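Remarks on the overall topology
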Amino acid sequence: TTSSADGAVVVRAGGGCGLARLSLRCAESGLTGLEFGCGIPGTVGGAVVMNAGAWGQDISAILRSVTVVTPGGEETIPRDNLGFSYRRWDGWERYQGMAVVAEVELSLRRGEVAAIKAQCKMMQEKRKASQPHEYASAGSFFKNPPHDSAGRLIEASGLKGMIFGGAMVSELHGNFLVNRGGATAGDVLHLMKVIQEKVKKDWGVVLEPEVHCI
Ligand SMILES: Cc1cc2nc3c(=O)[nH]c(=O)nc-3n(C[C@H](O)[C@H](O)[C@H](O)COP(=O)(O)OP(=O)(O)OC[C@H]3O[C@@H](n4cnc5c(N)ncnc54)[C@H](O)[C@@H]3O)c2cc1C
């Protein structure tokens, strides 16, 4: 970490660092701003590409710079040139998959360790109560449409609990497609299509996947 002129504490982290681990380290060091990351699986690099976030916050808001390694060399991009939208780093497309997020700088603030840890705990408890954890999943499957929630629409279409092969629309949260055991990618993609068609028919809303299908 270093201090910047605007009073922020600049945290430098490798792209392969676990986001939740980094969030915990920041909390223990009395640095606030990354509490939302405490329950998000994956790496810092993945979080940048996905513009990961939770509870109305996301990583783009605290990014100061991103360093990528491309076949042409290393490039550090300052935050004003990055360009993010909901669960998406828009500027990522120009690399066409030919870059690795190697390092990021985050702008955090000093705060009370106890208060920061309490915030993390509260977010974890909210997550545990509202999201399935007994089965594997990819997290939220669809992006929330503007001013609405994908989970609410899926539930309103009566799709919670629907099963195809080993995959199921979670009974706890409609936006989670869980693996009951032996689910194939085909099972999950089938459920995805059924959900998209039914929600479009019922509510006129086209649900866009948040997950990357590769
Ligand atoms: C139970 C559960 C809960 C979740 N909750 C949330 C949540 O609350 N909020 C949220 O935003 N997401 C959530 N997710 C989704 C997921 O955790 C995030 O999208 C996360 O940021 C993905 O990180 P990853 O390292 O696993 O990346 P991956 O999923 O492996 O990859 C995502 C994309 O980023 C690219 N990528 C990954 N690392 C790099 C790198 N270093 N350089 C270049 N490209 C890279 C991959 O090629 C891919 O296109 C959840 C997932 C699960 C399973």
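Scroll up to find the structure.
Model, not experiment: these values are computed from the prediction.

Parameters and conventions
- Residues numbered from 1 in each chain as written.
- Predicted model: local features only at pLDDT ≥ 70, side-chain atom pairs only at ≥ 80, totals over all residues.
- Heavy atoms only, no water.
- Salt bridge = Lys/Arg side-chain N within 4 Å of Asp/Glu carboxyl O.
- Helix = DSSP H or I, 4+ residues; strand = E, 2+ residues; numbered from the N terminus.
- Buried < 20%, exposed > 50% of the residue type's maximum accessible area, 1.4 Å probe, protein only.
- Core = buried A, V, L, I, M, F, W, Y, C linked by side-chain atoms within 4.5 Å.
- Contact = heavy atoms within 4.5 Å.
- Near = heavy atom within 4 Å.
- Polar contact = N/O pair within 3.5 Å; in protein donor to acceptor, adjacent residues only side chain to side chain.
- Areas by Shrake-Rupley, 256 points an atom, 1.4 Å probe, with all protein chains shown as cover.
- 1 Å grid on protein atoms, 1.4 Å probe; cavity = no way out; pocket = protein on both sides within 12 Å on 5 of 7 lines; lining within 4 Å.
- Sits in = over half its atoms within 2 Å of the grid points.
- Nonpolar A, V, L, I, M, F, W, Y, C, P; charged D, E, K, R; others polar.
- Domains from an automatic or database assignment.

Some thoughts on the pattern of salt bridges
If you walk through the whole model with that rule in mind, you get 11 salt bridges. With a closest N to O distance of 3.1 Å, Arg-94 and Glu-75 form a salt bridge. In this pair, Arg-94 sits in the loop between strand S9 (88-89) and strand S10 (100-110) while Glu-75 sits in strand S7 (residues 73-78), placing the two residues 19 residues apart along the sequence. Assessed through its relative accessible area of 56%, Arg-94 is described here as exposed.

So, the nonpolar core
Of all hydrophobic cores here, the largest spans 37 residues; its most connected members are Leu-22, Leu-34, Val-66, Val-68, Trp-89, Val-104 and Leu-106. Those elements that provide at least two residues to this core are strand S2 (9-14), helix H1 (19-28), helix H2 (44-50), strand S6 (63-70), S10 and helix H3 (113-130). Setting aside its immediate chain neighbours within four residues, Val-104 contacts Val-11, Arg-12, Ala-13, Val-44, Val-48, Leu-63, Ser-65 and Val-66. Residues Ile-154, Leu-159, Ile-195 and Leu-207 belong to the second largest nonpolar core, which totals 16 residues.

Here we look at the site of the ligand
As a matter of local geometry, the ligand sits amid 23 residues, with Pro-41, Thr-43, Gly-53, Val-101 and His-212 nearest to it. A distance of 2.6 Å is found between an oxygen atom of the ligand and a side-chain nitrogen or oxygen belonging to Thr-43. A distance of 2.9 Å separates an oxygen atom of the ligand from a polar side-chain atom of His-212. Within the complex, the protein chains bury 69% of what would otherwise be the 960 Å² of accessible surface of the ligand. Judged by its atoms lying within 2 Å of the grid points, the ligand is housed in the largest pocket. Those elements that place two or more of their residues in the shell around the ligand are H2, strand S4 (53-54) and S10. Take the shell around the ligand: its biggest share by element is 5 residues, from H2. Taken together, the residues of the shell around the ligand sort by class into 12 nonpolar, 8 polar and 3 charged. Formed jointly, the shell around the ligand draws a minimum of three residues from each of two domains, domain 1 (2-130) and domain 2 (136-203).

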